[in-house]
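Chain by chain, the residues run as shown.
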Amino acid sequence: MASSDVKQTLGDLNKDSFVSLLSKLIGEAKYVQNNPPELIPEEDRVVKHVLDALLPHSTTTGGGPLVVDHVTYHPGRGNLIVEYPGTVPGKILSFVGCHMDVVTANPNDWEFDPFSLSIDGDKLRGRGTTDCLGHVALVTELMKRLGEKKPKLKSTVVAVFIANEENSAISGVGVDALVKDGLLNKLKEGPLFWIDTADKQPCIGTGGMIPWKLKVTGKLFHSGLAHKAINPLELAMEALKEMQSRFYRDFPPHPKEQVYGFATPSTMKPTQWSYPGGGINQIPAECTISGDVRLTPFYDVKDVIKKLQEYVDDINDNIEKLDSRGPVSKYVLPDENLRGSLTISFDEAMSGVACDLNSRGFDVLCKATEEVVGHVKPYSITGSLPLIRELQDEGFDVQTAGYGLMATYHAKNEYCLLFDMCQGYQVFVSVISQLEDSEK
């Protein structure tokens, strides 16, 4: 089918239908918050509304060509694979990553109810409007239009709506399980567009994340007799300073970061500090600093974890050489055969991704963006998207985009703009039409 015919057939986003569906999805946001063990989402509550929109145009009911597969690994926590068949075997494109869970929201902190859609001019407000129920509704509307209009496309178009994106404490629920079971294998034959970023431009790079926890042990004593203590707070500050200094030496800004337009290089920093409590006149026995490494995708997460452990081991072995603070500040008490010590531990790490800038998927996404939005300026951030590096490593041509607002991503008072979502729909139509004109 000629690209101009594709655009004419698929037209523009049906705003009324989109807003109506989005209203139903945001109405489920309270029940799809993902923060286990307290909050475990029931993604099938969202699936139900998507099915209500698509099943009338599916082979399930005999009402249309859409092939719908509801895949569930945990009760109430389904994924949905929706396929519009094309005429050329192996010619395929997919829209993946629209997830049906959301981050938590406290209604007391919001200026409006996060769990019902409210409209303020062009603003569509509520938890999930930007991340990512807005995209669920948008891609549903695209697949619904394909099912209604039945254009004769060479390409098969696949949409994958996933569970369990916002938290990795429970695995084997979402796209990780779909990939493991081979249910997405045929998507490797064409570009895969992960629709879960923001600001209407291609996001071509994301960061890896390594959550770390540094526990520092000293010796508790009265603060008026500081010479008899090992102050874990001072030890922690000096040790962390040394670790950061070594990190930035070993993982400096990478030349490719400029090519990809990363806003920052790799970073290692503290974000939380805790200690067991005690009086102001007590030097405590221990404290813990937690933080993360955000790593550009040109470095390996495993190499960084290994290095951080080496830093800690070396500082422990040479703790008397570490800078101290004042004439009685020390980290070794020889008379008592005591040494301060550090231990580092890591929570689950994830790798960043650098999209293939030479792929057909990147080319059509850029052209579609320029055509619809008026300009194209790909960007990269050291924010992290789970799962997509694993897809790339499995052989998928992963490109990422999104049509919410970065400024409201995971934020209080989240909203998206209807105008931006309309442009997102046009970008999808342009991508489909361009791929009709290309060879496989």
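Residues numbered from 1 in each chain as written. Predicted model: local features only at pLDDT ≥ 70, side-chain atom pairs only at ≥ 80, totals over all residues. Heavy atoms only, no water.

> A description of the pattern of salt bridges should follow, citing residues and the corresponding values.
Under the definition given, this model contains 23 salt bridges. In this structure, K269 engages D292 in a salt bridge whose closest nitrogen and oxygen atoms are separated by 2.8 Å. Of the two residues, K269 sits in strand β11 (residues 267–274) while D292 sits in strand β13 (residues 286–295), which places them 23 residues apart along the sequence. Residue K269 is classed as partly exposed on the basis of its relative accessible area, which comes to 25%. One network of salt bridges, in which partners are shared, links E28, E42 and R45. (Salt bridge = Lys/Arg side-chain N within 4 Å of Asp/Glu carboxyl O. Helix = DSSP H or I, 4+ residues; strand = E, 2+ residues; numbered from the N terminus. Buried < 20%, exposed > 50% of the residue type's maximum accessible area, 1.4 Å probe, protein only.)

> Describe the sheet that holds strand β5 (residues 123–125), naming the residues involved and giving the relevant values.
Pairing in this open sheet of 3 strands is antiparallel, and the strands run β4-β5-β20 from one edge to the other. Of all strands in the sheet, those with a lone pairing partner are β4 (118–120) and β20 (415–417), marking the two edges. On average, each strand axis in the sheet is inclined to that of its neighbour by 25°, with strand direction left out of account. Note that β5 and β20 share 3 bridges and pair antiparallel. The partner of R125 across the bridge, within β20, is Y415. Those strands touched by helix α11 (residues 418–437) are β5 and β20, and its axis lies near 60° from that of β20. (Pairing = 2+ DSSP bridges. Axes fitted to C-alpha atoms, helices over the stretch in contact; angles between N-to-C directions. Contact = heavy atoms within 4.5 Å.)

> Break down the side chain of Q201 for me, citing the residues and quoting the values.
With respect to the helices and strands, the residue Q201 is situated in the loop between β7 (191–195) and β8 (203–206). Within the local environment of Q201, its side chain forms a polar contact with the backbone nitrogen of K377, the two atoms lying 2.7 Å apart. Other than its neighbours up to four places away in sequence, Q201 contacts T369, V373, H375, V376, K377, P378, Y379, T400 and A401. (Polar contact = N/O pair within 3.5 Å; in protein donor to acceptor, adjacent residues only side chain to side chain.)

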